[in-house]
Every structure is written in structure tokens, then in C-alpha cells.
Amino acid sequence: MRSESLTDALRETLAVFDGSGEPRTTPEVAERLELGRRSTYARLERLAERECLETKKVGANARVWWRSSPSDEATPTEPSAEERTASTDSDRQGRRRWRSRSTLEEEIRRISDGFFAVDDEWRLTYVNDVAAAMVDGTEAEALGQRLWDAVPGLVGTTFETAYREAMETQQANSVEAYFPPLEGWYRDIVHPSPSGLSIYFTDVTERKARERTLERYERIVETVGDGIYVLDGDDRFTFVNNAFVSMTRYGREELLGSSAGLVFGDEFEETATELESTNRSVGVLEERLHGADGESFVVERRFSRLELEDGERGRVGVVRDVTDRVEYERELEHQREQLAAVTSLGEVAREIVHAIIGQPTREGIEETVCENLANSDSYLFAWIGEVDTATRTVDLRAEAGVEGYLDETTISVDPNDDRSRGPTGRAFRFGEVQTTRDVDSDPRYEPWQDHIEPYGVQSSAAIPITHEGAIYGVLNVYAERPYAFEGQEGRQITQLGEVIGHAIAAAERKQSLLSDDLVELEFRIQNVFAGLDSPNEMPGRITFEHTIPIGENEFLVYGTATPDAIDTVRNLGETHDGEVDVTVHSEATPPGFELRVTDPPVLSVIAALSGYVDSASIEDGDYRLTIHLAPSVDVHRVVDAVESAYPDAELHCHRQITRPPDDPRPVQRRLAGELTDRQHAVLSAAYYAGFFEWPREKSAAELADSLDIASPTFHQHLRKGERKVFDSLFSPPDEPEERS
């Protein structure tokens, strides 16, 4: 391609190369042109595309350029004798004018350029019309004058320096500077010969203005925090600012000339074309930008078409790192989801509480809980498991939203088994709620990853179902949201374990009271007071007639004692590991007493397992204790508790019993099943404390204080409990009244 078709900027760049084939780097060319490296690189690349230069990549991110043969651009030289024509006027004035050997086409092309020539004594030998504007006087008057006299404005300028250097060295030279006489910027190309100089000069004022504008834009572009890039028609980078380089972590030289797919992915062209087909002037995408280090992050990319030189259409784009915004929006979405889940969970919890109140069996309670959770919008499915003491693995008790969840997997509670490290196993082992924020990234879920993956689970919670220190099982709830069980949602679902545990305990207590089938344990502890600072033989008899749970690990125990055992009763606090407050009613016959006991190991375990003390007495220092439990209860826990509290205890009897048809207390058992725990405690305490005697042995205020409740609360429970008793006695059998 001939250099005549090049723009001024490209011809200026090409002039840096002398045709010797010596390679030059982009920084070297930029320094010669006094341009920025990005602008220089763009020029060099266009010259290479036009086959005016050759190029090669060297190293990781560098490139060299060279000119293998001289350009065929016509360069003005001093005309030969045959080419010169003398005029009569020139001969008469001793001056010569010569005509360039350039073709007519070239002369027309350069009509806007200035040209003048001087001989070896700096006398003007030729001045064209454009050059005449800078001389003093007419063109004819200038010919033959010394250049410095004809154009005094050149003296002392960089132009003079360049001319003299070319004359001395006989090396072509070029200079670009501001020329005050013409109030503009000019680009001079100086071609020396032994007989003088030929100087072409071009007004580049407009170009300089454009370059200054471009430089201002470049400075602005380089100071903004967003990444900015320009692509050519083949979607290759021709410009990138510092922010874009920093974002991608690629070197600038690596980016320039590379495809946009390097950082935007292979689908870049397809996505951009699809968006542009909607006739939008600016396309906006949120996508991932891939860095040189293999990491990627979310960016917002705005881009539009850009008209380039020679009618080529490229693209210009702005890239902004929106990782923080995306994280913020994701957090907001998570909070909205969690708020919706908390609201939903609150409704589900109320429905569960309402539903399980009327459930008479543990099975019914567990099924109701799982169904309500699985039917909510917040959770995928739920199941409840219990431990098989023989295998130390978890068995399924109830499930909803899923079928046969444990059929193809095993969960252990053995700490030496890797299958116990999941949330369910840890919940059983430690008795605490275990949550998994993100199932995919939690290494503790590894043994069950293949099993859980088809369900689409992202997070889970394993909630121990507890009451009075006993673990009935573990409730497992699953959500398709990561980080679901945190904050208020986590606290609410944790409380479910206690609510369900209380309901199961109440159901089993009522079942043990109403069931005809029971497990009976009978213990004997000889010399129960041995080892105490008291006589070995304790006279008399102490009978513990009734035990009333009044709070967490607190009990009221009512009984009687023979007169000779009253002192022993007063000293019972010394025989018990926990705290005991003793009140003796010595005026009664036989003398009665009330014990307020905190943390009694045996009573706490019995209450937690919904059992009750059928009889207990101490006679002559020997303690006999009979306990009734439901058939489904873990008997070993009671035995361990008794033997731990009383190392000398002997289990005399462990048998299944059936209540006799003539059981003297069927009404009591039926009423106990109808009363709430608090109503039953208030009525029992009132009865055994003599509240219904006249005169009363204990006032309502004293009873309320014993039960740790306010007097109005005591009266409320008392009235409701009395009404249930009277309803049971007086209501027609076919029209029972339901009262809370």
C-alpha cells in the first residue's frame, strides 16, 4: 500500500523508521513522536495492518516493529540539471528556481503543504504559495535572500536548530513546534543534499488541538475509577485505561490486540450482538469478569457502538466492579427471605402449639410438627429421629415433605464414627441446636453429600427435643436458602424443641396416669442416713405422700411423719445434695411437712420421663421407693439416677404391672389427664397444704409464694382446675363441657 493513502499521523509515525530493518519498541517510537504509548500502539498497529510495517511479539507482553524496505512515498530532493528550468527573470537576478520531479497527482495532493528550498549558503531557491505566507515581502523578493533574513521568525527556534543539524549531518530530520509568526503549530520534514535543503511543512494546528483534547480525555479516563476500553471491528482491545488493567490484572500489552473474550468470556460477541439487536443505544449487562489470576467477580458493563477510522465500527465500554453492590443486594434479599421466614415460622409455631395441645400421643405430636413445617413456604421437609440404644444409630420416627429419608443413609451418635459428625449426630451428643449454613461447602456434610444433593437443600437445622434435661429426639428441618437458620429465625426454631419436648412429656405423663399398663421399679436403700453426723438409727416413720413439679427442677413434696421422726424431717436438708427448705406442721395429727426441693437427681429424672413416685417412705433408717413409668420409657435412666444418688441402693423389683379393676384412684387419674400441668400443681398443692381446711392451714398468698407465682395467677389456675373437677362430677356423661 502506498504511503500517499496514509493519514498525516500515520505518515509521521512511519517516518520514524529508516528502512534499515532495525526493530523499535513501542516506547521508543512513542518517545520519538512525543505521544502516549496507547496512541502510538494504535498507530503502529494500523501501519502493520496496511503492511507498511512488520511486527513481532517478544517476551510475555512486549512487541517490536520494523520497516523492511523504504517507503515508496515520494521524498523531495534537489532536482537534477535535466529537471531544472531556468527563467529569464531567474537568470537576470542570479537566482534559480527548480521544479520537483513529483507527479502531478502528488503536487495536487500536497497543494495545502508549504515547501521551500535553500542552497548550501542558506539562500532561498524555491518558495511555493503556501510558504510565501511566512516570508517578508513577495515570493519573488524572497528568492535569493538568506533564509534567516527572509523569515526572521525562524531565528532562535527549534526549526533553525533542526535545519542546521540536517545541513551539518546530511541526515533527514523532522521537527514539530509552534511558529509564532503564523500563530500555529507546524510539522517540518527536512531533506538535506550536498547542494542544500528541501523543507516540507504542514499546518498541524488542528491536529494538535485534537491531540490536546484527546490527551485531556485520556487524563480524565485515567483518573476515573471505572474500567474503560475500546474495541476494534474484530472485538480486539485497542485502548484500555489503568483502572481496566488493574481490574483484569493483565498487563496492558497483553490486553491490547487481544480478544474481548479473554476477560468477558466466549459468549461476549453473542451477548453484545443480541443486546444491540434491541436497538438500544447503550447496552447494559451484569456479568462476571475473568482476571489473569483465574479469579472472577461481578461487574456491570455499559457499552455502545463507536465509529472508527476508515468507516470501521468498534465498541467502547465502561466496566464497574459491582461486587459490593451485589453482595449488599444479596444480603438485603437474604434479610427479606429471613423476615418472611420468621413471619411464616411464627405462624407455623402458633399452629404447631395449637395442634399439639390436643394430641394425646407422642406419635401424633411428632407427625403434626413435621407436617406443619413441611407445608410452610419457608422449608422443604422435616423429620424427627431417635437413638437406637443397641446400635447407637438414629431411627426415623416421623417425616413430612419427604419419604424414606433415612432408608439409604445412616446417622450415628458414636463419637468414634465419622457418621456422627453431621448436625443430627452432634445435636444428640451435645444436646444443642446444630445449624448448617451452606450444605455444599460444609465439610461435616461430606458423608451425606450424595444423599442430600437431589433434594436441593442449602441449609439445615437439627433441634434437640428436650424437657427437664431429657432428649426425646432431634427435629431436623431443611431449607433451600443458604444461611436460613440465623438470627431471629434460628432463635424461634430453637424454641420449638422445648415446646415439642414439653408437649411430649405432658402426653406421656397423662398416658402413664391413664394407662392400665405400667412399669414398676422398687428400690430399697438401707441406712439411708449412714455417713451423716447423726445417730445410725433413726426412729419413727416418714412417708412422702405426694410430689408436685412446680418449675424447672423444682418440686414440692408433701408428707407425714410420726412424732419421733419430726427431728429427722427437720434435718432432711443435710441428707440431700440439692437445696431443701423444710416446713413442719407439728399441730397436725399426724404431723405433716412440706419440702421445697431444688435439683433432686431422682425426682428430676422421673419427672423428665413422665413417671411418678407411687410410694416412698423411710422407716428406722431404711428408704423404700416405688416408681411407676410408662412402658415406653427408658428404665435405665431412672436406675442410673437412683444408684448415682444412693450408691447402696438395691433394685428389688422391676416388673410390668396392670392396674387392678378395683383401682381406688380412677377418678384422680382421669382428672389428672384433663388438667393442665399448672392446674394440677395448684390443686395438688392447695389440697396437701390444707388450703381447703377450715381454718386454712396455709393461705393463698403462702401457696402462691411456694409455687413461685403471683396470687392472681394462683387464683386463676385454682378456679379453672376446680371447674374441671366439678364438670367431671356433675356434667351429663353425653354432654361433656370443654373448658381450658
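The rules behind each value
Residues numbered from 1 in each chain as written. Predicted model: local features only at pLDDT ≥ 70, side-chain atom pairs only at ≥ 80, totals over all residues. Heavy atoms only, no water. Helix = DSSP H or I, 4+ residues; strand = E, 2+ residues; numbered from the N terminus. Buried < 20%, exposed > 50% of the residue type's maximum accessible area, 1.4 Å probe, protein only. Contact = heavy atoms within 4.5 Å. Areas by Shrake-Rupley, 256 points an atom, 1.4 Å probe, with all protein chains shown as cover. Pairing = 2+ DSSP bridges. pLDDT = per-residue confidence, 0-100. Core = buried A, V, L, I, M, F, W, Y, C linked by side-chain atoms within 4.5 Å. Patch = residues over 30% accessible without salt bridge, like charges linked within 9 Å, V, L, I, M, F, W, Y side chains within 5 Å. Salt bridge = Lys/Arg side-chain N within 4 Å of Asp/Glu carboxyl O. Polar contact = N/O pair within 3.5 Å; in protein donor to acceptor, adjacent residues only side chain to side chain. Arc of directions from axis to C-beta. Phe/Tyr/Trp six-rings, centres within 6.5 Å; stacked < 30°, edge-to-face > 60°. Lys NZ or Arg CZ within 6 Å of the ring centre and 35° of its normal. Axes fitted to C-alpha atoms, helices over the stretch in contact; angles between N-to-C directions. Lys, Arg positive; Asp, Glu negative; His and termini not counted. Charge placed at Lys NZ, Arg CZ, Asp CG, Glu CD. Parallel < 35°, antiparallel > 145°, perpendicular 65-115°, else oblique. Nonpolar A, V, L, I, M, F, W, Y, C, P; charged D, E, K, R; others polar.

### Examining the overall build of the protein chain
So, step 1. When you go through the protein chain residue by residue, the secondary structure sums to 26 helices and 26 strands.
So, step 2. Per-residue burial for the protein chain yields a buried fraction of 47% across its 740 residues.
So, step 3. The long-range share in the protein chain, meaning contacts at least 24 apart out of those at least 6 apart in sequence, stands at 55%.
So, step 4. Total accessible area on the protein chain is roughly 38700 Å²; 47% of this is exposed by carbon and sulfur atoms.

### Description of the pairing of strand S19 (residues 517–525)
So, step 1. Counting buried residues along S19, seven of its nine residues qualify, which places the element largely inside the surrounding structure.
So, step 2. Bridge analysis of S19 against strand S26 (residues 650–658) gives eight bridges, and the strand direction is antiparallel. Counterpart to glutamate 520 in the pairing with S26 is arginine 655.
So, step 3. In this sheet, strand S25 (residues 622–629) lies alongside S19 in antiparallel orientation, the contact comprising seven bridges. Looking at S25, one finds that arginine 524 is bridged to arginine 624.

### Let's talk about the confidence of the model for the protein chain
So, step 1. The pLDDT averaged across the protein chain works out to 79; a share of 83% of its residues lies at or above 70.
So, step 2. For the protein chain, helix H4 (residues 88–93) is the element with the lowest average pLDDT, namely 34, and helix H9 (residues 158–169) is the one with the highest, namely 93.
So, step 3. Contacts for the low-pLDDT stretch residues 70–111, under 50 throughout, to residues beyond four places or in other chains number 62 contacts.
So, step 4. pLDDT under 50 marks residues 736–740. Its contacts with residues more than four places away, or in other chains, come to nine contacts.

### Focus: the nonpolar core
So, step 1. Grouped together as the largest cluster of nonpolar side chains are 39 residues, with contacts concentrated most on Leu521, Phe544, Ile627 and Val638.
So, step 2. Ranked by residue count, the leading element in this core is helix H22 (residues 635–645), at five residues.
So, step 3. Discounting residues that sit within four places of it in the chain, valine 638 has contacts with Leu521, Val605, Ile606, Leu609, Ile627 and Leu629.
So, step 4. Val16, Val29, Phe244 and Met247 belong to the second largest nonpolar core, which has 34 residues in total.

### Some thoughts on a nonpolar patch on the surface
So, step 1. A grouping of Leu214, Tyr217, Ile220 and Val224 is seen on the molecular surface, where their side chains present a nonpolar patch of about 370 Å² in accessible area.
So, step 2. Considering the arrangement of structural elements, one finds tyrosine 217 in helix H10 (residues 205–223).

### Quick word on the environment of aspartate 418
So, step 1. Tracing the sequence through the fold places aspartate 418 in the loop between strand S15 (393–400) and helix H17 (423–430).
So, step 2. Its relative accessible area of 44% is what places aspartate 418 among the partly exposed residues.
So, step 3. Residues aspartate 418 and proline 447 lie 29 residues apart in sequence; the distance between their C-alpha atoms is 8.0 Å.
So, step 4. Aspartate 418 has contacts with Pro447 and Trp448, leaving out every residue within four places of it along the chain.
So, step 5. Within the local environment of aspartate 418, its side chain forms a polar contact with the side chain of arginine 421, the two groups lying 2.9 Å apart.

### What to know about helix H2 (residues 26–33)
Quick reminder: α-helices carry 3.6 residues per turn. Residues three or four places apart thus point the same way.
So, step 1. Among all positions of H2, only Thr26, Val29, Ala30 and Leu33 are buried. Down the axis of H2, the buried set is contained in an arc of 100°. They therefore lie on one face. Along H2, the residues that are exposed and aim more than 90 degrees away from the buried face are Glu31 and Arg32.
So, step 2. With its phi angle positive at about 55°, glutamate 34 sits one or two positions after the end of H2.

### Some thoughts on the packing of aromatic side chains
So, step 1. In total, this model carries 30 aromatic pairs according to the counting rule given.
So, step 2. What links up through ring pairs into an aromatic cluster is the set Phe116, Phe159, Tyr163, Phe179, Tyr186 and Phe201.
So, step 3. Between the NZ or CZ atom of lysine 208 and the centre of the ring of tryptophan 185, over which it lies, the distance is 4.5 Å.
So, step 4. Directly above the aromatic system of phenylalanine 691 lies the positively charged group of arginine 696, at a separation of 4.0 Å from the ring centroid.

### Details of the sheet that holds strand S9 (residues 227–231)
Adjacent strands of a sheet form backbone hydrogen bonds with each other and so pair up, either parallel or antiparallel.
So, step 1. The strand order S10-S9-S13-S12-S11 describes an open sheet built from five strands, whose pairing is antiparallel. Looking at strand neighbours, the two that pair on one side only are strand S10 (237–240) and strand S11 (283–290), the edges of this open sheet. When strand polarity is set aside, the average angle formed by the axes of neighbouring strands in this sheet is 30°.
So, step 2. Taken together, the nine bridges between strand S12 (residues 296–307) and strand S13 (residues 313–321) define a ladder with antiparallel strand orientation. Across the sheet, residue glutamate 300 finds its bridge partner in S13, namely arginine 320.

### Remarks on a negative patch on the surface
So, step 1. A surface patch of negative charge is lined by Asp18, Glu22, Glu28 and Glu31.
So, step 2. Summarising the element assignment, glutamate 22 is placed in the loop between helix H1 (8–14) and strand S1 (24–25).

### Let's talk about the packing of helix H21 (residues 601–608) against H22
So, step 1. Put simply, H21 and H22 touch, their axes get as near as 8 Å, and they point 170° apart. In terms of orientation, H21 and H22 fall into the roughly antiparallel class. Contacts between H21 and H22 involve Pro601, Val602, Val605 and Ile606 from the first element and Arg637, Val638, Ala641, Val642 and Ala645 from the second.
So, step 2. Residues that form the contact of H21 with H22 fall into these classes: eight nonpolar, no polar and one charged.

### Points about the environment of proline 600
So, step 1. By secondary structure assignment, the location of proline 600 is in the loop between strand S23 (592–598) and H21.
So, step 2. Measuring from C-alpha to C-alpha, the distance between proline 600 and valine 580 comes to 9.1 Å, with 20 residues separating the pair along the chain.

### Some words on the pairing of S23
So, step 1. Of all seven residues that make up S23, seven are buried, and the element is covered over most of its length.
So, step 2. Of the two faces of S23, the one lined by Gly592, Glu594, Arg596 and Thr598 and the one lined by Phe593, Leu595 and Val597 are each fully buried.
So, step 3. Across seven bridges, strand S22 (residues 579–585) lies against S23 in antiparallel orientation. Within the sheet, the bridge partner assigned to valine 580 lies in S23 and is valine 597.

### Quick word on the pattern of salt bridges
So, step 1. Counting across every chain of the model gives 36 salt bridges.
So, step 2. Taking the shortest distance from any N to any O, the salt bridge between arginine 43 and glutamate 12 comes out at 3.3 Å. In this pair, arginine 43 sits in helix H3 (residues 37–49) while glutamate 12 sits in helix H1, placing the two residues 31 residues apart along the sequence.
So, step 3. Take arginine 43: its relative accessible area is 6%, and that puts it in the buried class.
So, step 4. Overall, the relative accessible area of 7% leaves glutamate 12 in the buried class.

### A short note on the sheet that holds strand S17 (residues 459–467)
So, step 1. Strand order in this open sheet of five strands is S15-S14-S18-S17-S16, and the pairing throughout is antiparallel. Single-partner strands in this sheet number two, and they are S15 and strand S16 (434–436). Here the strands of the sheet are splayed against their neighbours by 25° on average, with no regard to which way each runs.
So, step 2. With nine bridges joining them, S17 and strand S18 (residues 470–479) adopt antiparallel strand pairing. Residue pairing in the sheet places proline 464 in a bridge with valine 474 of S18.

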